[in-house]
Amino acid sequence: MKKILALDIKYSAIQALYFGSFCALMGYASVYLLNKGFSNSVIGIVLALISAIAVFAQPTVASFADKNKHIELRKIIAVMLLVIIVLSVSMLFLGKGSIILICAFIGISTCMQTMTPLLNSMAFMFEKHGIAINFGLGRGIGSAAYALVSLALGHLLEMDGFGADMIPLVYIVFNILLLFIVYSFVVPKNEQQNIQNDNQIEEEQKQLSFIEFCQKYRKFMLFIFGTVFVYFTHTIINNFFIQVITPIHGTESDMGTAIFLAAIVELPAMICFDLLRQKMKCTTLIKIAVILFAVKHGLTYFATNMTTIYIAQALQMGAYAILTPACVYYANQMIAKTDSIKGQSMVTMSYTASGILANLVGGVLLDAVGVKQVLLIGIFISIIGVGIVFLALNGKKEVI
């Protein structure tokens, strides 16, 4: 496979801007919505609703992209970014407790989550033409951007003059920049003549519906089902982090530091992921990652101070940092090229679906029984998820 440095740089920039915006949007969702006068239960319901909509939107948009190869992926993403920018601007003018603000937040978050499989697919769309994009590098840069934005926001929110009301400004700036980079993500002109004639054959095959996809790739869908359970507690911790650390005297600044630590340790693992793939199979890497997820969740439950939280967050290096690219590559290996974007949407759908369970159940339970009990339930759910993932990855490979 040929490497084109300009494309690797642009793809890394795309991931950095996307995850920088995503950090401000979802990483600080509770902080922002609490400031706007909404309760934990309402926040949980809103986040669950976002995930529920995204579960349907992701495969729908992926199917549209798979069926309409004549419409460039970057143009589909550009339309979604324009919607995000307009809605983000509107949030600057809406007051506390506003239903319209909640609707705008849901619209932005749904578009952001629906874009994830499309951005992942961009890393592989030139493979059939002999051009490889370093997904691990790009995704690692994305984690570094998430870390830096988290750290900066954590400290800014404690300063005079920059309250939670200003958070939508981050969405606006990052997504305007992202729009320009995405639209410029094309093969350089001197390489284009090598890719003119391949676009017709492969994708003239019949496209699968969601049900047909599930029937064809049963073991893959069992794997996706298992990762939903693994991500359950991870989602609760991320989306309700301030509530998790408040009982052990954590502050918004501590939250920013903890998120920064988790994100920054992902960088070396993701950048080196291509090397890891040469040493171990994707399935082995996935098994290691889901076990470390369960360990991380256990440490968070038993934490009595921020030091233990920081140790748990550091386990992201072997958990999320490995599972995320491993799942993307695993889907690329297991799913036929005609269904490639749909396959990536299923990977994204695993943590989107976990968001429905985690945010809806988590928000209500946090108000009803408290943080400790919610985290304890999460540990058991993580262990169940690990078992399902192992079951799905063992045995005979599906024929595609």
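Calculation notes
- Residues numbered from 1 in each chain as written.
- Predicted model: local features only at pLDDT ≥ 70, side-chain atom pairs only at ≥ 80, totals over all residues.
- Heavy atoms only, no water.
- Core = buried A, V, L, I, M, F, W, Y, C linked by side-chain atoms within 4.5 Å.
- Buried < 20%, exposed > 50% of the residue type's maximum accessible area, 1.4 Å probe, protein only.
- Helix = DSSP H or I, 4+ residues; strand = E, 2+ residues; numbered from the N terminus.
- Contact = heavy atoms within 4.5 Å.
- Phe/Tyr/Trp six-rings, centres within 6.5 Å; stacked < 30°, edge-to-face > 60°.
- Axes fitted to C-alpha atoms, helices over the stretch in contact; angles between N-to-C directions.
- Parallel < 35°, antiparallel > 145°, perpendicular 65-115°, else oblique.
- Nonpolar A, V, L, I, M, F, W, Y, C, P; charged D, E, K, R; others polar.
- Patch = residues over 30% accessible without salt bridge, like charges linked within 9 Å, V, L, I, M, F, W, Y side chains within 5 Å.
- Areas by Shrake-Rupley, 256 points an atom, 1.4 Å probe, with all protein chains shown as cover.
- Salt bridge = Lys/Arg side-chain N within 4 Å of Asp/Glu carboxyl O.
- Left-handed = near helix turned anticlockwise from the far one by under 90°.
- Expected span 1.5 Å × (residues − 1).
- Polar contact = N/O pair within 3.5 Å; in protein donor to acceptor, adjacent residues only side chain to side chain.
- Disulfide = S-S within 2.5 Å.

Colleague: Lay out the nonpolar core with the relevant residues and their values.
Modeller: Residues I77, F105, F220, F223, F241, I245 and I286 are the most contacted members of the largest nonpolar core, which totals 135 residues. No other element matches helix α5 (residues 99-122), which puts 12 residues into this core. Filtering out sequence-adjacent residues up to four positions away, F241 remains in contact with I236, M255, A258, I259, I309 and Q313.

Colleague: Give a description of the packing of aromatic side chains that names residues and reports values.
Modeller: Aromatic rings in a pair are described by how distant their centres are and how their planes are angled relative to each other. All told, the structure shown has 17 aromatic pairs when counted by the stated rule. Measuring from ring centre to ring centre gives 6.3 Å for F19 and F22, while their planes differ by 65 degrees; the resulting arrangement is edge-to-face. Placement of both F19 and F22 in helix α1 (residues 5-27) is noted, with a separation of 3 residues, approximately one turn of the helix. Each member of the pair, F19 as well as F22, is classed as buried. When the centroid spacing of 5.6 Å and the interplanar angle of 20 degrees are considered together, the rings of F273 and Y329 count as stacked. You can see F273 sitting in helix α13 (residues 273-279) and its partner Y329 sitting in helix α16 (residues 320-334), a full 56 residues away along the chain. For the pair F273 and Y329, one class covers both residues: buried. Chaining the aromatic ring pairs together yields one cluster made of Y11, F135, F185, F273 and Y329.

Colleague: Would you mind going over the packing of helix α3 (residues 40-67) against helix α17 (residues 340-368) in detail, with residue names and values included?
Modeller: As a packed pair, α3 and α17 sit with axes 7 Å apart at the nearest point and diverge in direction by 170 degrees. The angle between α3 and α17 falls in the class roughly antiparallel. Residues of the contact of α3 with α17, tallied by class, amount to 16 nonpolar, 13 polar and 3 charged.

Colleague: So what's going on with a nonpolar patch on the surface? Residues and values would help.
Modeller: A grouping of V89, L92, F93 and L169 is seen on the molecular surface, where their side chains present a nonpolar patch of about 360 Å² in accessible area. Here F93 shows up in the loop between α4 (73-91) and α5. Overall, the relative accessible area of 68% leaves F93 in the exposed class.

Colleague: So what about the packing of α16 against α17? Which residues, and what values?
Modeller: Relative orientation of the contacting elements α16 and α17 amounts to 150 degrees, with a least axis distance of 9 Å. For the pair α16 and α17, the sense of crossing is right-handed. Across the interface between the two elements, C327, V328, A331 and N332 from α16 touch G343, Q344 and V347 from α17. Among the residues making up the contact of α16 with α17, the classes are represented as 4 nonpolar, 3 polar and no charged.

Colleague: Explain the pattern of salt bridges to me, and be specific about the residues and the numbers.
Modeller: Taken as a whole and judged by the stated rule, the model has 2 salt bridges. Residue D165 pairs with K36 through a salt bridge whose shortest N-O separation is 2.9 Å. Remark: K36 occurs in the loop between α2 (29-35) and α3 and D165 occurs in the loop between α6 (135-156) and α7 (167-183); sequence separation between them is 129 residues. For K36, a relative accessible area of 6% puts it in the buried group. Put simply, D274 and R277 hold a salt bridge, and the shortest N to O gap is 3.3 Å. In this pair, D274 and R277 are both assigned in helix α13, 3 residues apart and thus about one turn of the helix distant. On the basis of relative accessibility, which here comes to 17%, the residue D274 falls in the buried class. What makes R277 partly exposed here is its relative accessible area of 31%.

Colleague: Describe α6, and please don't skip the residues or the numbers.
Modeller: Think of an α-helix as 3.6 residues a turn; residues three or four steps apart then line up on the same face. Over its 22 residues, α6 runs 31 Å from end to end, which matches the ideal 32 Å to within 8%, given 1.5 Å per residue. The distance from a side-chain oxygen at the start of α6 to the backbone nitrogen of G136 is 3.3 Å, and the residue carrying that oxygen is N134.

Colleague: Report on the environment of Y329, specifying residues and quantitative values.
Modeller: Classification of Y329 by relative accessible area gives buried; the value is 6%. Y329 sits 111 residues away from R218 along the chain, and the two C-alpha atoms are 18 Å apart. Residue contacts for Y329: discarding those within four places in its chain leaves F124, F135, G136, F273, D274, R277 and C282.

Colleague: For the state of the cysteines, give the residues involved together with the corresponding values.
Modeller: Using the criterion set out here, one finds 0 disulfides in the structure. The closest cysteine sulfur to the non-disulfide-bonded C282 is located on C327, 8.8 Å from its own sulfur.

Colleague: For unusual backbone geometry, give the residues involved together with the corresponding values.
Modeller: Its identity as a non-glycine residue notwithstanding, H249 has a phi of 70 degrees, on the positive side. Its place among the elements puts H249 in the loop between α11 (241-245) and α12 (252-271).

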